[in-house]
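What the coordinates show
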Amino acid sequence: MKTSKIIFISFFGVIGLFLLSLLIQVPRDKRGFQFESETEALPQFSHLVVTKGANLQVSYGTSDSIKLSHNKGVIVTKPVYWTKGDTLIVDPIPNQENFFLNLTCSGLKSITLTESRVELNQITLGNLQIEGKNAEINFSYNVSIDSLWLNLSLDSRFWCNSSTLKIVNLIADKSNADFSIDKISELKAELRDSSELSTWKVLRSDVKSDETSRYYSR
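Scoring rules and cut-offs
Every chain begins its residue count from 1, and numbering advances along the sequence as written. For this predicted model, a pLDDT threshold of at least 70 governs which residues receive local features, and a threshold of 80 or more governs which side-chain atom pairs are given and counted, while totals over whole chains, interfaces and linings are taken from all residues. Just so you know, side-chain values use all the structure's heavy atoms and leave hydrogens and water out. We count a stretch as a helix when DSSP gives it H or I for four or more residues in a row; a strand needs E for two or more, and each element gets its number in order from the N terminus. Distance and chemistry together define a polar contact, namely a pair of N or O atoms within 3.5 Å, with one atom able to donate a hydrogen and the other to accept it when in protein, and with adjacent residues in sequence counting only for side-chain atoms on both sides. Throughout, a residue-residue contact means that at least one pair of heavy atoms, one from each residue, lies within 4.5 Å. Pairing of aromatic side chains requires ring centres within 6.5 Å, counting the rings of Phe and Tyr and the six-membered ring of Trp. Pairs whose planes differ by under 30 degrees are stacked, by over 60 edge-to-face, and all others tilted. Only protein chains enter the accessibility calculation, which uses a 1.4 Å probe. A residue is then buried if its area is under 20% of the maximum for its type, exposed if over 50%, and partly exposed in between. For two strands to be treated as a pair, DSSP must find at least two bridges joining them. Here, the term nonpolar core denotes a set of buried Ala, Val, Leu, Ile, Met, Phe, Trp, Tyr and Cys residues that are joined through side-chain atoms within 4.5 Å. One side-chain nitrogen of Lys or Arg within 4 Å of one carboxyl oxygen of Asp or Glu is enough to make a salt bridge.

**Looking at the side chain of N138**
Locating N138 in the fold gives a position in strand β10 (residues 136-153). A distance of 3.2 Å separates the side chain of N138 from the side chain of E136, its partner in a polar contact. Once residues within four sequence positions are removed from consideration, N138 is found in contact with R117, V118, E119, L120 and W159.

Structure, rendered in structure tokens:
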């Protein structure tokens, strides 16, 4: 083989390996989408308001920040959030697929959601109040709360797993709540308009239900 051909093949072989390495380094999800992200510091906040269409994950951090992840090359319309006093308000990105928000906070006290989804993991709190309207709330991993107050309405859904809760106060109006955890020390609940509540072991309970609602204890 001529020397010029060997050089030519070697050159394009190096380029091919370089491009392959770039593809490997770019974050992808299981469907092959490429993502990029940016993290921004936030002033400390106590109350979180999540508006229609937003989807975010909340965990504990020594300082408050928000991480935005989205499809690579997409121009993100900002702001997606703003602060008002000690309240952080999160807005969705209109018509934006594969857009994710990760929030870290140090002093969270309450969450209000409207037609949106929030997932909590790796967070320890003394008290937390959550109000959801047509919302989805998940405690997915290592959430520890001494006293939890939940007000769910308009087809909201709450699910809790791999977490620790001591005292739970629940009002469910046309909504579902599932506590798939080993034990709740004290549970007080009121179920209305075809709501459902499911728990594992509860040491002390006071559950009121109308005729259309159901309470299951396993």
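From this point, things continue past the structure.
**Quick notes on the packing of aromatic side chains**
In this description, an aromatic ring pair is defined by two values, namely the gap between the centres and the angle between the planes. Enumeration according to the criterion identifies 2 aromatic pairs in this entry. Here the aromatic rings of F139 and F158 are separated by 5.0 Å at their centres, their planes lie at 80°, and the arrangement is edge-to-face. Of this pair, F139 sits in strand β10 while F158 sits in strand β11 (residues 157-161), and the two are 19 residues apart along the sequence. When sorted by exposure, F139 lands in the same class as F158, which is buried. For the ring pair F158 and F179, a centre distance of 5.0 Å and an interplane angle of 45° mean the geometry is tilted. Pair noted here: F158 is in strand β11 and F179 is in strand β13 (residues 176-192), with a separation of 21 residues, a long-range link.

**Observations regarding the pairing of strand β9 (residues 117-133)**
Bridge count for strand β3 (residues 55-60) against β9 is 4 bridges, and the pairing is parallel. Directly across from N55, in β9, lies its bridge partner R117. Summarising the sheet, strand β8 (residues 110-114) and β9 pair through 5 bridges and their orientation is parallel. Across the sheet, residue T114 finds its bridge partner in β9, namely K133. Here 15 bridges tie β9 to β10, and the two strands are oriented parallel to one another. What sits directly across from L128, in β10, is L148.

**Some remarks on the nonpolar core**
By size, the foremost hydrophobic cluster in this structure holds 49 residues, and its most contacted members are L48, V58, L128, F139, F158, L170 and F179. Discounting residues that sit within four places of it in the chain, F158 has contacts with I137, F139, L148, L150, L152, N176, A177, D178 and F179.

**Observations regarding unusual backbone geometry**
One non-glycine residue, N142, lies in positive phi territory at about 55°. Positioned with a positive phi, K174 is a non-glycine residue whose angle comes to about 55°. Among the secondary structure elements, K174 is positioned in the loop between β12 (164-173) and β13.

**Digging into the pattern of salt bridges**
The full count for this structure, using the stated rule, is 6 salt bridges. E119 is the salt-bridge partner of R117, the closest N and O atoms lying 3.5 Å from each other. E119 gets classed as buried once you look at its relative accessible area, which sits at 16%. Where E136 meets R157, a salt bridge forms, and the shortest distance between an N and an O atom there is 4.0 Å. Of the two residues, E136 sits in strand β10 while R157 sits in strand β11, which places them 21 residues apart along the sequence. A residue is classified by how much of its surface remains accessible, and R157, at 39% relative accessible area, is partly exposed.

**Observations concerning the environment of L128**
Within the secondary structure, L128 sits in strand β9. C-alpha separation for the pair L128 and H47, spaced 81 residues apart in sequence, amounts to 9.8 Å.

**Topic: the side chain of S153**
Looking at where S153 falls in the secondary structure, it is placed in strand β10. In this structure, S153 is in contact with G132, K133, N134, D173 and S175, ignoring residues within four places of it in sequence.

**Description of the environment of S156**
Topologically, S156 is positioned in the loop between β10 and β11. Residue S156 is classed as buried on the basis of its relative accessible area of 1%. Taking the C-alpha atoms as reference, S156 lies 8.4 Å from A172; in sequence the two are 16 residues apart. Ignoring sequence-local partners within four residues, the contact set of S156 consists of G132, K133, N134, A135, K174, S175 and N176.

Everything listed is a geometric property; what it means functionally is a separate question.
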